[in-house]
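# A closer look at the structure
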Amino acid sequence: MTARETLRDAMLTALRDALRPLAVAVFDAVPVRAGVPHAVLGEPSDSDWGAAGIEGREMRATVTLVDEGEKPLRLRGTMRAAEDIVLPDPLAGGWRVAGLSVVATRMAKTGTRWTAVIEWRARLWRVGQ
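Residues numbered from 1 in each chain as written. Predicted model: local features only at pLDDT ≥ 70, side-chain atom pairs only at ≥ 80, totals over all residues. Heavy atoms only, no water.

Where strand β2 (residues 38–41) meets strand β4 (residues 54–68), four bridges bridge the pair, whose relative direction is antiparallel. Its bridge partner lying in β4, A39 is registered against L65. Here four bridges tie strand β3 (residues 45–48) to β4, and the two strands are oriented antiparallel to one another. Counterpart to S45 in the pairing with β4 is R60. Taking the residues that link successive antiparallel strands as the turn, the β3-β4 hairpin has five residues, and the phi of G53 there is positive, at about 80 degrees. (Pairing = 2+ DSSP bridges. Helix = DSSP H or I, 4+ residues; strand = E, 2+ residues; numbered from the N terminus.)

Of note, the bond from V36 into P37 is cis; its omega dihedral lies within 30 degrees of zero at 0 degrees. Among the secondary structure elements, P37 is positioned in the loop between β1 (25–27) and β2. Cis geometry marks the peptide bond from D89 to P90; its omega dihedral reads 5 degrees. Unlike most non-glycine residues, A23 shows phi in positive territory, near 60 degrees.

So, about the side chain of E58. Relative to the assigned elements, E58 resides in strand β4. A distance of 2.6 Å separates a polar atom in the side chain of E58 from a polar atom in the side chain of R123. Leave out the neighbours within four places in its chain, and E58 touches S45, D46, S47, W49, R121, A122 and R123. (Polar contact = N/O pair within 3.5 Å; in protein donor to acceptor, adjacent residues only side chain to side chain. Contact = heavy atoms within 4.5 Å.)

Dropping the structure here:
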């Protein structure tokens, strides 16, 4: 399994676990029909982060959170829960988590819907593969 696939699977599981108590559905692609609130995990970007004898990948992953209402009170709570996810270590395929950190957040309102985007930087490594 590639680092990107491994990260995506781990993040989907972590987000679903974190957002389930808030009744937020998490999707791995933009849904054709979905109520609010919901979240969509985008496809992570992927670049080399290796060294001699160590396979490493640095990835950026985003989740888009969608809600509605006059004020984004519930969305802010959803953002906090999503920002606090923790990935298991090790991950599938021998990948290890060297770091997972939020690097950017944004929130905007369009009509009656609020949209928030959280971007993480993830660094994964494995030895001897």
